Structure formats: structure tokens, C-alpha cells
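Residue-level structural notes
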Amino acid sequence: RELRVDLGERSYPIRIGEGLLGQAGQELLEAGLSVKSPLLVVSDDSVAPLYLEPLLEQLRSAGFRAASCVVPAGESSKSLARFEEIMTRALEEGLDRKSAIVALGGGVVGDLAGYAAASYMRGIRFVQMPTTILAHDSSVGGKVAVNHPMAKNIIGAFHQPALVLYDLDTLKTLPRREVSAGLAEVVKHGLIRDAAFVDWCVRHADRLLSLDPEALGYALFKGCEVKAAVVSADETEQDLRAILNLGHTIGHALEAVAGYGELLHGEAISIGMIGSALLGVQLGAPQEVYLRTREALGKAGLPVSLPEHFDTDRIMEAMMHDKKFGEGKMVFVVPTAIGEVEIRSDIREQWVRDIVERLK
Ligand code: NAD
Ligand code: ZN
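What counts as what
- Per chain, residues are indexed from 1 in the order of the written sequence.
- A letter from A marks each chain and a number from 1 marks each ligand, given out in the order of writing.
- Whole-chain, interface and lining totals are the exception, using all residues; otherwise, since this is a predicted model, local features are given only for residues with pLDDT of at least 70 and side-chain atom pairs are given and counted only at 80 or more.
- UniProt positions are given in the numbering used here, feature names are shortened, and annotations may be inferred rather than shown by experiment.
- Axes here refer to lines fitted to C-alpha atoms; in helices the fit is confined to the stretch in contact. Angles between the N-to-C directions go from 0 to 180 degrees.
- To qualify as a helix, a DSSP run of H or I must reach at least 4 residues; to qualify as a strand, a run of E must reach at least 2; elements of each kind are numbered from the N terminus.
- Helix crossings get a hand from a simple test, with the near helix turned counterclockwise from the far one by less than a right angle marking a left-handed crossing and a clockwise turn marking a right-handed one.
- Placing a C-beta atom from the backbone of each residue, one calls two residues in contact when those atoms lie within 7 Å.
- What makes a residue near a molecule or strand is its C-beta atom, placed from the backbone, lying within 6 Å of it.
- Residues are grouped as follows: Ala, Val, Leu, Ile, Met, Phe, Trp, Tyr, Cys and Pro are nonpolar; Asp, Glu, Lys and Arg are charged; all remaining types, including Gly, are polar.
- Counting other C-beta atoms within 10 Å of its own, a residue is labelled buried from 20 upward, exposed at 12 or fewer, and partly exposed in the gap between, with every C-beta atom placed from the backbone.
- Here the word oblique covers every angle except those under 35 degrees (roughly parallel), over 145 (roughly antiparallel) and from 65 to 115 (roughly perpendicular).

The chain is annotated in an unreviewed UniProt entry as 3-dehydroquinate synthase from Paenibacillus pasadenensis. Comment text from UniProt for the chain, heading Function (unreviewed entry), reads "Catalyzes the conversion of 3-deoxy-D-arabino-heptulosonate 7-phosphate (DAHP) to dehydroquinate (DHQ)."

**Some words on the packing of helix α10 (residues 248–257) against helix α13 (residues 312–321)**
At a closest axis distance of 8 Å, the pairing of α10 and α13 adopts a crossing angle of 115°. Taken as a pair, α10 and α13 cross one another with a handedness that is right-handed. Here T249, A253, L254, A256 and V257 of α10 come into contact with α13, specifically with R314, I315, A318 and M319.

**Section: the environment of T312**
Structurally, T312 is set in helix α13. The contact partners of T312, leaving out residues within four places of it in the chain, are R353, V356 and E357.

**Quick look at the environment of L40**
Assignment of secondary structure puts L40 in strand β3 (residues 39–44). Each C-alpha atom, one on L40 and one on I86, is 8.7 Å from the other, the two residues being 46 residues apart in sequence. Other than its neighbours up to four places away in sequence, L40 contacts A67, C69, R89, A90, E93, L95 and I101.

**Structural notes on the site of ligand 1**
Not every one of the 29 residues close to ligand 1 is listed here, only the nearest: S46, A73, G106, G107 and S138. When residues of the shell around ligand 1 are traced back to their parent elements, those giving at least two are α4 (107–119) and α5 (135–138). A per-element tally of the shell around ligand 1 places α4 first, with four residues. When its residues are assigned to classes, the shell around ligand 1 shows nine nonpolar, 13 polar and seven charged.

**A closer look at the UniProt feature "domain: 3-dehydroquinate synthase N-terminal" (unreviewed entry) in the chain**
Look at the UniProt record and you will see "domain: 3-dehydroquinate synthase N-terminal" (unreviewed entry) annotated at residues 69–180. Across residues 69–180 one finds 31% helix and 30% strand; the C-alpha atoms that close the span lie 28 Å apart.

**Quick look at the environment of W351**
Position of W351 relative to the elements: it lies in helix α14 (residues 349–359). Residue classification places W351 among the partly exposed residues on the basis of 17 C-beta atoms within 10 Å. The spacing of W351 and K329 is 22 residues in sequence and 9.8 Å in space, taken between C-alpha atoms. In this structure W351 touches L279 and Q282, once residues within four positions along its chain are discounted.

**Things to note about the packing of helix α3 (residues 80–92) against α4**
It is at 10 Å that the axes of α3 and α4 come closest, and there the two elements cross at 55°. The angle between the axes of α3 and α4 places the two elements in the oblique class. The hand of the α3/α4 crossing is right-handed. In contact with R82, F83, I86 and M87 of α3, α4 contributes L112, A113, Y115 and A116. When its residues are assigned to classes, the contact of α3 with α4 shows seven nonpolar, no polar and one charged.

Here it is as C-alpha cells:
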């Protein structure tokens, strides 16, 4: 399957299928990369032992000079220290203006390698090879960043990849919890733009959880399709792109309050999307919006309520801290129907507080 992010001269293909890493060299040549300039593949130390060597060999057999840089798995690698390490590797390997940095991994590797590509020599080409379900979201759209100890994703850029190469075979080694967490963003893309796809997700949840390649290929295609359409219409988040934040206002606050590792990003936004659905119903959407949201997320193996021990005051504080609050009102993405959302800037702090309580 293939689709495109449509951004004029910077348009790029998203290719989804089995066995794609086995033809990566050819794919890079077709994307316009030259074997004359070296490549740097960035990965993490969970993904690299599984997929890095075969990829490097494949690229070399297609005539590329390819080196690698492996960082520790986990969010803490989205740091300026790792960024500098990649710069050093890029210089050592002689990457030039026509080189590319390849991200082989999940969203962490994609964001880090992408930011490195955006900065090295003021920007060189960049290829995403996502290996998590969540990364269907992070690999499309060109938002790249590292974290500062005081704030997530605060040092970053918009830098679109030249190609997204999504090999479904790599997903077979994903831990079960990561599978569900990734499906949260898949369901999110349905909830904001595509009611029929939400129905499909409910009906085929079991196949998705068992990593049936055909079902997974379709789901990732549909998820990427929504993301690509939104990004094509509003690359730098002037307005429309904000709808992609459904469930994230509450979700980010939950992540901030949860102890390390207690909630994965997808799990936090699952609970956040239930909260947004409750808010939507309160503002006049049919009850079905809440019921269907809950069903779709529950079937994907995601949490749909908030563990009791989460403190409402701390969650509210984290939300205030996460900007977007002013004068007791906040900006919120709220569903009006399944497959439709609106951005409301009149959401009262007290309503949100009540909803956080109801989530428990
Ligand atoms: P991740 O990259 O940390 O991957 C999750 C875990 O799975 C890691 O431990 C990783 O080593 C492991 N893993 C990855 N692929 C594997 C495979 N095929 N087999 C076995 N293990 C594998 O996390 P993620 O959930 O993919 O991404 C989260 C990151 O994405 C966050 O930093 C978030 O900020 C970012 N993100 C960015 C955007 C964007 O638009 N740029 C959007 C959403 C999320
Ligand atoms: Zn997200």
C-alpha cells in the first residue's frame, strides 16, 4: 500500500507492507538518494539487534555507504546529549549535504534522528523506517524534537521525511502493551475523521491485537491517511492540525502525574479520549459518542478509566502547566459525533475537573 503526504515540492510517499526492509536500498534510490553520499542509520538498542544488521547489509548491497548510531531504548534518548552523539557520528562518517539520516525504530528514534537531520548542515534528507504501531503517527508529518529536562519536545523543528518505509514484519516483535498503546493513536485517527474506520477497528480488534498483517496494514494505512490529510492541509499547526491532539490535553497531564512507566503514552491518551468523549456528550453530542469511543479503545486492549490513586488536583495542575489555559478557560478538542471533532476554547476548568473525577 502507498499513499502520499501532499506538500508541493516536499511531497513524499508512505509505503506500507511486508518485507519492505529487504528492498530498502531500491526504495531509497527511487526516493532520489544517491549512493555517492553516505547514510547514517539511527536505531535503539532494542531494535538494533533485531533489524539493524540486515538493513545495513541490504543498503550496502544496493551500493550505499551506510554507518549506524545506536542509542539506548527509551524516552531519555530524546536528549541533546544523544543529538550531539549523532552529530559526531555524522561528521566522522563524512555525511554531506546530499546524505540522509535513516530512523529505524519507534517514535523516540524517529523524533531524535529527524531533529538531527533537520540540523546537520542546516538540514539534510531524512527517511523514516518505523518499527512500532505508534510510529505511524510520529513518522508522518515532520514534527521532530528532543526533550529538555524541563519540558518534552521543546527543542525541535518541522522537517519532513523524504520517505516513510513501514515494514509490517518488524511489528511482530513488539511487546503486547506497545501494540495496544500504538492502537490508541490508530483509533484516534478514526475518531477525528472517519466513523466507518472506527467501526472497522471495533470489528477487527482481535486481528489487530494478534498482529494479522493484512488487518494491521489496513489499519496503519487508514491511520496514516488521516494524518497525511491533516498535515497536508496544515503543515505547521496554524489551526486544523490541532485536531490531532484529541485526548492529549488530559493524556499529557496523566503522563506528567504518573510515575515513570506506569502509563504509556497511548494508554494515557486512551483515558484522555474517554474524557473528551464525556465532555462532548456534556456539550450536546449523542451518548453514542462516549459508548463507541469506550468500546473501540477497550477492544484494543487499552485502559478506559483512571486508576483511583491519581490525584485530581495534581492532574489539573499539570494541565494548567501544559499552557493552553487562560482565565479559567481552556482549548480542548471535543468530539461532536464519531468521526468529527471541534476545537473549543471555552472549556471551563471546573467541567474538566468534574470529568477527571468521573473517569475514576
Ligand atoms: P519508542 O520509540 O520508545 O518504542 C517503544 C519501545 O518499543 C522501545 O523500548 C523500543 O525499543 C521498542 N521497540 C520499537 N520497535 C520495536 C520492535 N519492532 N520490536 C520490539 N521492540 C521494539 O516509543 P513509541 O511509542 O514508538 O514513540 C513514542 C515517542 O514518539 C514519544 O517520544 C513521542 O513524543 C513521540 N511522538 C512523536 C510524534 C510526532 O509527531 N513527531 C507523534 C506521536 C508521538
Ligand atoms: Zn499522541
